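For reference, the chains in residue letters:
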Amino acid sequence: MTYTFAPPPVVSVPVIGSGARFPVHRIYCVGRNYAEHAREMGQSASDPPMFFLKPADAALVMEAGRTAELAYPGLTHDLHHEVELVVALGEGGRNIAQQEALRHVFGYAVGLDMTRRDLQGQMKKRGGPWDIGKAFDHAAPIGPITPAAQAGEITGAEITLHVNGELRQHGWLSQMICSVPEIIAQLSAAWQLAPGDLIYTGTPAGVAAVQPGDALEARVGGLETLHVRVV
Ligand code: MN
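What you are looking at is a predicted structure, and each value in this text was computed from that prediction instead of being measured. (Residues numbered from 1 in each chain as written. Predicted model: local features only at pLDDT ≥ 70, side-chain atom pairs only at ≥ 80, totals over all residues. Heavy atoms only, no water.)

A. Seen up close, the sheet that holds strand 14 (residues 166-172). With mixed pairing, 5 strands are arranged side by side in an open sheet as 6-17-16-13-14. One side of each edge strand has no neighbouring strand; the edge strands of this open sheet are strand 6 (68-70) and strand 14. With strand direction ignored, the average angle separating the axes of adjacent strands in the sheet is 20°. Two elements, strand 16 (residues 215-220) and strand 17 (residues 226-230), share 4 bridges in a ladder whose sense is antiparallel. Pairing of Ala 215 across the sheet is with Arg 229, part of strand 17. (Pairing = 2+ DSSP bridges. Helix = DSSP H or I, 4+ residues; strand = E, 2+ residues; numbered from the N terminus. Axes fitted to C-alpha atoms, helices over the stretch in contact; angles between N-to-C directions.)

As structure tokens, then:
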């Protein structure tokens, strides 16, 4: 096989307790999966969650023990943080039943669904696609993946985001409108899921802007903390 130019490198995420890395296939995101966040965005909490995607190379991977540097993107004056549980799939499939869904999970990580809120807002008004607000470079910071067996039962875990040491977002995974099995079942009805897919599962209330120089600490109980600095 000869290519016209060198194919891009595989985006991969470190795995806790392993020398092997998790190769990223696609990045799916769930919008509006916590009622309080839906309300702060001016939407009804009874509307069903929605899905969108980010390109795999939008992942900003934090290496274990390090801080990832997020380059403040262009075109925006309102870059928002959204702390989220990330589900990493080890097996794919179509039309996966809820009862079977957790068997497809390789592990979990903490992620940030970074959002150019001003551009997303303009697109919402125009009824246009959200990509320019959601799918830019460095839009998907992610910490190391903890294998599911080590993470244990995380459905009741606390999820928090601190910026410069100050608490900005707080919630519990139990507040998710769609649970992880429901999300996998719904996504797999719409797309052929594959090993390497990451799913950002939505954010609790408290989203707000960050500035260059800010230090973000994103946590989900039982998982490796994600450290990001905006530069
Ligand atoms: Mn989000």
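After presenting the structure, the write-up continues.
B. Here's a closer look at the environment of Gly 206. Considering the arrangement of structural elements, one finds Gly 206 in the loop between strand 15 (198-200) and strand 16. Given a relative accessible area of 22%, Gly 206 falls into the partly exposed group. The contacts of Gly 206, once residues within four sequence positions are left out, are Glu 40, His 81, Arg 168 and Gln 169. (Buried < 20%, exposed > 50% of the residue type's maximum accessible area, 1.4 Å probe, protein only. Contact = heavy atoms within 4.5 Å.)

C. Looking closely at helix 3 (residues 117-126). Of the positions making up helix 3, those classed as buried are Arg 117, Leu 119, Gln 120 and Met 123. Each buried residue of helix 3 sits inside an arc of 160° when the element is viewed along its axis, so together they form one side. With respect to the buried face of helix 3, the exposed residues turned more than 90 degrees away are Lys 125 and Arg 126. Two residues or fewer past helix 3, Gly 127 is found with a positive phi of approximately 70°. (Arc of directions from axis to C-beta.)

D. Summary view of the pattern of salt bridges. This structure, assessed with the given rule, holds 9 salt bridges. Close ionic contact of Glu 82 with Lys 134 constitutes a salt bridge, the shortest N to O distance being 3.4 Å. With Glu 82 in the loop between strand 7 (79-80) and strand 8 (83-89) and Lys 134 in helix 4 (residues 131-134), this pair connects stretches of sequence that are 52 residues apart. Judged by relative accessible area, Lys 134 falls into the buried class, the value being 3%. Between Glu 100 and Arg 103 there is a salt bridge whose closest N-O contact spans 2.9 Å. Since its relative accessible area comes to 32%, Glu 100 is described here as partly exposed. Sharing partners across several salt bridges, the network here consists of Lys 54, Glu 82, Asp 113, Arg 117 and Lys 134. (Salt bridge = Lys/Arg side-chain N within 4 Å of Asp/Glu carboxyl O.)

E. Summary view of the environment of Cys 29. Along the chain, the position of Cys 29 falls in strand 3 (residues 27-31). For Cys 29, a relative accessible area of 0% gives the class buried. Residues Cys 29 and Met 50, 21 residues apart in the sequence, show an inter-C-alpha distance of 8.3 Å.

F. Expanded view of unusual backbone geometry. Even without being a glycine, Arg 32 presents a positive backbone phi close to 65°. Following the sequence through the fold, Arg 32 ends up in the loop between strand 3 and helix 1 (35-40). Overall, the relative accessible area of 15% leaves Arg 32 in the buried class.

G. Quick peek at the side chain of Gln 120. Along the polypeptide, Gln 120 turns up in helix 3. We classify Gln 120 as buried; its relative accessible area is 2%. Not counting residues within four places of it along the chain, the set of residues in contact with Gln 120 comprises Met 41, Thr 115, Trp 130, Gly 133 and Lys 134.

H. View of the packing of aromatic side chains. Considering all chains together, one arrives at 4 aromatic pairs under this definition. Between Phe 22 and Phe 106 the ring centres are 5.6 Å apart and the planes differ by 40°, which places this aromatic pair in the tilted class. Of this pair, Phe 22 sits in strand 2 (residues 21-23) while Phe 106 sits in strand 9 (residues 105-112), and the two are 84 residues apart along the sequence. Accessibility expressed as a relative area gives 5% for Phe 22, which makes it buried. An aromatic cluster is defined as three or more aromatic residues linked by ring pairs; in this entry it consists of Tyr 28, Phe 51 and Trp 191. (Phe/Tyr/Trp six-rings, centres within 6.5 Å; stacked < 30°, edge-to-face > 60°.)

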